[in-house]
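This is what each chain is made of:
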Amino acid sequence: MARRLDLRAWDALPNTAARGKGWAIVAGDCLEALEKLPPHSVDVAFADPPYHLSNGGTTCQSGRRVRVDKGEWDASNGVMADHAFQARWLQAVRRVLKPSGTLWVSGTQHVIFSIGFAMQELGYHLLNTVTWYKPNASPNLACRMFTHSTELILWASPSKSRPLAHRFNYKRMKEENGGKQMRDLWQMPEAEGEQVVWSLPTPGPREKVHGRHPTQKPLALLERVLAASAAPGDLVLDPFSGSGTTGVAAVQSGCRFLGLERDEAYVDLAARRLRAAQLDPER
């Protein structure tokens, strides 16, 4: 039986670090926090988990070669340990999703195949694999392979049922796509009403006015995700809340939001963004 989670109940938890009207952010390990959530209480979850790329490599940032060092949380512990971590949080999220709920997970080739396999192992029903194209992706410094310019976003329901129980705002997506069925290759914004590819740049200065996060996602991406799969009043969960982009998109679309984040600096950043979004919906 699906349950409605009252965010006011989180006031009693010592790890509730910030909250506002319709949203709360819990500081700490996401697995520990997810254990405290009642089963079947979440409508939509979006996750941008660690990609395990901070292992001494380099990338290009503002035209300069820099080390990939997002933090200890992004370091790899080996293929099997990394896969086990992805499976643990996926299992924990699956427990709290409503039968009508869905989970979106973003990742590059370095992690997304492990996540997809873990989803299949756990009994998720994969609905779509969306391709997000980044027109302003960093150049390839080694010049020994194609430039990485896409991320894959897996969309899944917690289990397969007949009829399918998950929410999909099909009519809205079709209207936004000029009266044609929306495909899993997104262009944002659409060119002349016809959608080709999910093409949108990484977050610009306007979305980083309150601070920066190394893996921040563009607000337009989360707006599309929630437009497709959420309804006003739904509870949206982000187990790796980071800079709070999911929360901003949620409160601006009339949803409730629960973010989980273990880094206090990013808890503060997300709270600032959420408070600003409620004061100025255009930001």
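This text goes with the structure placed above it.
Criteria and cut-off values
Here the residue numbers are simple positions, counted from 1 along each chain's written sequence. In keeping with the model being predicted, local features are shown solely for residues with a pLDDT of at least 70 and side-chain atom pairs are shown and tallied solely at 80 or more, while totals for entire chains, interfaces and linings include all residues. Side-chain metrics rest on all non-hydrogen atoms present in the structure, leaving aside hydrogens and water. What makes a nonpolar core is a set of buried Ala, Val, Leu, Ile, Met, Phe, Trp, Tyr and Cys residues whose side-chain atoms join them at distances within 4.5 Å. Each residue is placed in one exposure class: buried if its accessible area under a 1.4 Å probe, protein chains only, is under 20% of its type's maximum, exposed if it is over 50%, and partly exposed if it falls in between. Runs of H or I in DSSP of at least four residues are treated as helices and runs of E of at least two as strands, each being numbered from the N terminus. Residues are treated as being in contact if the distance between any of their heavy atoms lies within 4.5 Å. Each helix should span, by expectation, one fewer than its residue count multiplied by 1.5 Å. Geometry of aromatic contacts follows a simple scheme: Phe, Tyr and Trp rings, the Trp one being its six-membered ring, pair when their centres are within 6.5 Å, and the pair is stacked under 30 degrees between planes, edge-to-face over 60, tilted otherwise. Lines fitted to C-alpha atoms define the axes, with helix axes restricted to the stretch in contact, and inter-axis angles between N-to-C directions lie between 0 and 180 degrees. Oblique is the label for any angle not under 35 degrees, not over 145, and not in the 65 to 115 range, which are roughly parallel, roughly antiparallel and roughly perpendicular in turn. Left-handed describes a crossing in which the near helix is turned anticlockwise from the far one by less than a right angle; the clockwise case is right-handed. Classification used: nonpolar for Ala, Val, Leu, Ile, Met, Phe, Trp, Tyr, Cys and Pro, charged for Asp, Glu, Lys and Arg, polar for all others including Gly.

A. Geometry of the nonpolar core. Judged by nonpolar contacts, the single largest core of 34 residues is most densely connected at Trp89, Leu90, Leu103, Met119 and Leu237. Here this core takes seven residues from helix H2 (residues 79-96), the largest share from any one element. Setting aside residues up to four positions removed in sequence, Trp89 forms contacts with Cys30, Leu31, Leu34, Ala47, Pro49, Leu103, Val105, Pro239 and Phe240.

B. Broad picture of H2. End to end, H2 covers 27 Å across 18 residues, agreeing with the expected 26 Å (1.5 Å per residue, within 8%). Of all the residues in H2, the buried ones are Asp82, His83, Phe85, Gln86, Ala87, Trp89, Leu90, Ala92, Val93 and Val96.

C. Geometry of the packing of aromatic side chains. If you walk through the whole model with that rule in mind, you get five aromatic pairs. For the ring pair Phe168 and Tyr170, a centre distance of 6.1 Å and an interplane angle of 65° mean the geometry is edge-to-face. Among the aromatic side chains, those forming a connected cluster through ring pairs are Trp104, Trp155, Phe168 and Tyr170.

D. Layout of the packing of helix H5 (residues 219-229) against helix H6 (residues 245-252). The geometry of H5 relative to H6 is characterised by a closest axis approach of 9 Å and an angle of 50° between their N-to-C directions. Between H5 and H6, the interaxial angle falls into the category oblique. Judged by the sense of rotation from one axis to the other, the crossing of H5 with H6 is right-handed. Here Leu219, Leu222, Glu223 and Leu226 of H5 come into contact with H6, specifically with Thr245, Thr246, Val248, Ala249, Ala250 and Gln252. Classifying every residue of the contact of H5 with H6 gives six nonpolar, three polar and one charged.

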